[in-house]
Protein chains: 2
Amino acid sequence: MALIVQKYGGTSVGNVERIQNVARRVVRTAAEGHQVAVIVSAMSGETDRLTDLAHQLNPHPPSREMDVILNTGEQVTVALLAMAIEAQGYKSRSFLGHQVRIRTDSNYQNAKILDIDTKELVDSLSRGEVAVIAGFQGIDADGNLTTLGRGGSDTTAVAIAAALKAELCEICTDVDGVYTTDPNICPEARKIERISYEETLEMASLGAKVLHHRSVFFASKYQVNLSVRSSFNDNPGTLIVPAEESMEQVVVRAITYDKKAARIRFMGVKDEPGVAAKIFVPIGRAGVNVDLIIQNSSTDGFTDLTFTVAKEDEERALELCRRIAEELDATLDYDSKIAKLSIIGLGMRTHAGIAATFFDELAKAGINIEMVSTSEIKVSAVIREDQVDEAVRVLHRAFNLDKDVVYEESEPAAS
Amino acid sequence: MALIVQKYGGTSVGNVERIQNVARRVVRTAAEGHQVAVIVSAMSGETDRLTDLAHQLNPHPPSREMDVILNTGEQVTVALLAMAIEAQGYKSRSFLGHQVRIRTDSNYQNAKILDIDTKELVDSLSRGEVAVIAGFQGIDADGNLTTLGRGGSDTTAVAIAAALKAELCEICTDVDGVYTTDPNICPEARKIERISYEETLEMASLGAKVLHHRSVFFASKYQVNLSVRSSFNDNPGTLIVPAEESMEQVVVRAITYDKKAARIRFMGVKDEPGVAAKIFVPIGRAGVNVDLIIQNSSTDGFTDLTFTVAKEDEERALELCRRIAEELDATLDYDSKIAKLSIIGLGMRTHAGIAATFFDELAKAGINIEMVSTSEIKVSAVIREDQVDEAVRVLHRAFNLDKDVVYEESEPAAS
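All values derive from a computational prediction rather than experimental measurement.

Visitor: Pulling in residues and values, what's your account of the packing of helix α6 (residues 152–164) of chain B against helix α8 (residues 213–221) of chain B?
Guide: Residues and elements named next belong to chain B. Between α6 and α8, the shortest axis-to-axis distance is 8 Å and the interhelical angle comes to 10°. By the angle class used here, α6 and α8 are roughly parallel. Along its contact with α6, which presents D154, T155, V158 and A159, the element α8 presents R214, S215, F218 and A219. Grouping the amino acids of the contact of α6 with α8 by side-chain chemistry returns four nonpolar, two polar and two charged.

Visitor: Talk me through the sheet that holds strand β19 (residues 371–375) of chain A; I want residue IDs and the actual numbers.
Guide: Residues and elements named next belong to chain A. If you walk across this open sheet you meet the four strands as β13-β18-β20-β19, and the pairing is antiparallel. Each edge of the sheet is formed by a strand with only one pairing partner; in this case those strands are β13 (254–258) and β19. The sheet shows a mean angle of 20° between the axes of neighbouring strands, direction not considered. Summarising the sheet, β19 and strand β20 (residues 378–384) pair through five bridges and their orientation is antiparallel. Paired with S373 across the strands is S380, a residue of β20. Helix-sheet contacts for helix α11 (residues 354–364) involve β18 (338–344), β19 and β20, and the interaxial angle to β18 is about 135°.

Visitor: So what about the interface of chain A and chain B? Which residues, and what values?
Guide: Contacts between chain A and chain B engage 39 residues on the former and 39 residues on the latter. Taken together, both faces of the contact between chain A and chain B bury some 3300 Å²; the carbon and sulfur share is 64%. Considering only the side of chain A, the residues that lose the most area to chain B are A:L57, A:E65 and A:M83, jointly responsible for 21% of the buried surface there. Linking chain A with chain B are zero salt bridges, by the criterion used here. Of all the elements in the fold, those that place two or more residues in the side of chain A that touches chain B are α1 (16–31), α2 (46–57), α3 (63–87), β3 (92–95) and α4 (97–100) of chain A. Sorting elements by how many residues they give to the side of chain A that touches chain B places α3(A) first, with 17 residues. For the side of chain A that touches chain B, a count of residues per class yields 21 nonpolar, twelve polar and six charged.

Visitor: Report on α11(A), specifying residues and quantitative values.
Guide: All names here are of chain A. All buried positions along α11 are accounted for by I354, T357, F358, E361 and L362. Around the axis of α11, the buried residues are gathered within 125° of arc, so they sit on the same side. Across from the buried face of α11, at angles greater than 90 degrees, the exposed residues are A363 and K364. At its buried positions, α11 is contacted by β18, β20 and α12 (388–398).

Visitor: Which residues make up the sheet that holds strand β16 (residues 302–310) of chain B, and what are the values?
Guide: Residue and element names in this part refer to chain B. Pairing in this open sheet of four strands is antiparallel, and the strands run β15-β16-β14-β17 from one edge to the other. The outermost strands of the open sheet, each flanked by one partner alone, are β15 (290–295) and β17 (331–335). Sheet twist, expressed as the mean angle between neighbouring strand axes with direction ignored, is 15°. As paired elements, β15 and β16 share four bridges and run antiparallel to each other. Of the residues in β16, the one forming a bridge with I294 is T306. Running at roughly 20° to β16, helix α9 (residues 275–285) makes contact with β14 (261–270), β15 and β16 of the sheet.

Visitor: Run through the side chain of B:T256, naming residues and quoting values.
Guide: Residue and element names in this part refer to chain B. Looking at the secondary structure, you find T256 in strand β13 (residues 254–258). T256 gets classed as buried once you look at its relative accessible area, which sits at 3%. A polar contact of 3.1 Å, which involves the side chain of T256, links it to the backbone oxygen of L206. Aside from chain neighbours lying at most four places away, what touches T256 is M203, L206, A208, K340, L341, S342 and I344.

Visitor: Can you explain the environment of A:G366? Please cite residues and give values.
Guide: Relative to the elements of secondary structure, A:G366 occurs in the loop between α11 and β19. Once the C-alpha coordinates of A:G366 and A:A391 are considered, the two residues, 25 residues apart in sequence, prove to be 9.4 Å apart.

Analysis parameters
Along each chain, residues carry numbers from 1 onward, in the same order as the chain's sequence is written. Just so you know, chain letters begin at A and ligand numbers begin at 1, following the order they were written in. With the structure being a predicted model, the display of local features is reserved for residues of pLDDT at least 70 and the display and counting of side-chain atom pairs for 80 or more, all residues being used for whole-chain, interface and lining totals. Hydrogens and water molecules were not included; the side-chain quantities draw on all heavy atoms of the structure. As a rule, the C-alpha atoms of each element are fitted with a line to give its axis, helices using only the stretch in contact, and angles between N-to-C directions run from 0 to 180 degrees. Helix and strand assignments come from DSSP, with helices taken as H or I runs of at least 4 residues and strands as E runs of at least 2, each series counted from the N terminus. An angle counts as roughly parallel when it lies under 35 degrees, as roughly antiparallel when it exceeds 145, as roughly perpendicular when it falls between 65 and 115, and as oblique in every other case. Whether two residues touch is decided by their heavy atoms; if any such pair falls within 4.5 Å, the residues are in contact. Under the scheme applied, nonpolar residues are Ala, Val, Leu, Ile, Met, Phe, Trp, Tyr, Cys and Pro; charged residues are Asp, Glu, Lys and Arg; polar residues are all the others, including Gly. When DSSP finds at least two bridges between two strands, those strands are taken to pair. Each of two parts loses accessible area, computed with a 1.4 Å probe, when they are put together; buried area is these two losses added. The rule for a salt bridge is simple: a side-chain nitrogen of Lys or Arg has to be within 4 Å of a carboxyl oxygen of Asp or Glu. Summary of the burial criterion: residues with accessible area below 20% of their type's maximum are buried, those above 50% are exposed, and those between are partly exposed, where the area comes from a 1.4 Å probe applied to protein chains only. Note that the arc is computed from the directions linking the helix axis to the C-beta atoms. Here a polar contact means two N or O atoms within 3.5 Å. Within protein one must be a hydrogen donor candidate and the other an acceptor candidate, and residues neighboring in sequence count only if both atoms are side-chain atoms.

Printed below as a string of structure tokens:
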């Protein structure tokens, strides 16, 4: 008997039939003799409906009240799923964020989990009940409802799995697992059987949409075995686990892209201490995340500073940057037709020349690279947005991602 | 400066425009310098939608989970109203049942309020915020969500008003106040300006739909000044207050009817001690409320026992009664085409002959009386269902309810 945590997203519980389907899957796991804790999201469309209602009443709804209304989405789903499980003859009990207690800070709409009191959950599971827990929500020290922001339900699932020391945390969603790249762009994309936290974390940060990086980070921190699989079939999914030595044999595990990036450049910035801080401190304070940053080497005491931001933050960032550029007496230039392309793999640590192959393959395909950034296990480049699809296909083939992974002693072909 | 509690029902907050309207009324009261606590119901239709969803997943949904899902109805409204009030420039804060804390017993779907902790509310009001409180909901000692059942939001409002020692508790609804009888049946029906708790309580129990008897009982117990008025206009409503001496001058204050009654009769019951208990104890245990009970005087050691139940309980009651009749060797007879008609007035205490006038007027109109029950301040009769409308109109005229109430020393005409 194991303790399994399963998480079902909004699409998986999007209507009555799908909730019944989830109930069947949960009951099957319980019937195999496991203790099961299930985390669910709001039914798909519900969060949008509630947000829309709120905005009709207040164009800038107070975030405390937004969290009160958004909390109802998951509250409806947990009750419905618990009812559906009981209808199938199994005992079940729903838990809201404040009932579990998932204690968070008071940062409404983007709260962080501080701790989880598992007593009620453990009691429920040991009574043989399926515990159905509302994802995405928590409660602060003053009893105010909070929500965890993007990827919140995944984060809840991993946090609950960590707190309960679950054997496995299954993220059940509308795809079969983590793929070598986006199958919509590259038909040869293959499902990955086993991948490390580090690689998944890079993928999530670099544009892959399957898991939010917060939940992967949490899983890595607490060594929770994660599985990503489909809610709609029984295919084995992708297992996300601590790095294993054999994983380094695969040089490039996956290719990601992010078309939601925009580039901002300060030109003619005086090259003196404190300049970067003058630019990035106010941007950070405004809550704009800055991604790749590149500073050219100085010529005549002046330098260029280039970075990317999310397209959705572009306007806000630009407004700030215009003021900063004026102060610094620099000129500003921006480009929203760019995209970020990345290759990721643990094997890069031990295999040389990967970046060279990456540049070479793109060059052969006539794709220009505008910015580059590397880490131990990834290479990222900024290229033109309209060349991304082609670039992904070229690299997928070049790094043999369309082939079976064979763990062997010989060097992979692409290195 | 006074502390005013206002309660708005489901119709009053049924859409975005109506919530904005409620926000305007609340803000106006606050702008007059009052502290305002507002209790709201779920948007009309929402409870039905949620109940329907639940029944699609489980024909007999567990009542604990029903309360979890039903709680979301009011949760959405409090957040929306607080946002709407903030949009109009006033500070506001929403409170859920478990945040106020409205502690109840664990009788899901029909919980009773045990106590209310007003600390958070008082703090909020003294910060100048409009406190928006979810009606209908509470929390039990183990942290489970509960709902108060029928008339729950009115009960919340009165309980909050009592706990805060509010000057006035306004029940804002889709009618202008408490009427002398149902205006849909009797166009001469008039709004009552001032009425006692006792009369209102009888009216609520005898079929008037404006207020649930639980909330009137609560108001009477804690001497809360209640007002029933419209959410959609500024007409003064009906004030419900402790009995005043002048009120006794009005012999008949109102006429109510209840078409949702059915009659059950046991015939040939042996007239011996304990027979009534054998009938009514099992019926009571099954949760069926018995209303009028009449036992004929015994002939030859046998008697008849007749009583009424709500039509919705008829089938359940009949099933039980068939078994009981078999045990008692009695015969059973039932009739669902009946209705209960009542006149109510504090003045009956001091004015004789009211029942006689009541019987006389009905007789003149050719309406037969099948059962009668009286109390200090009411006379009720069971008549044929299809004669109710006519009976109401006849009595309304006979007792001068279509005339202005003039408090004077002379005896009213009808006594």
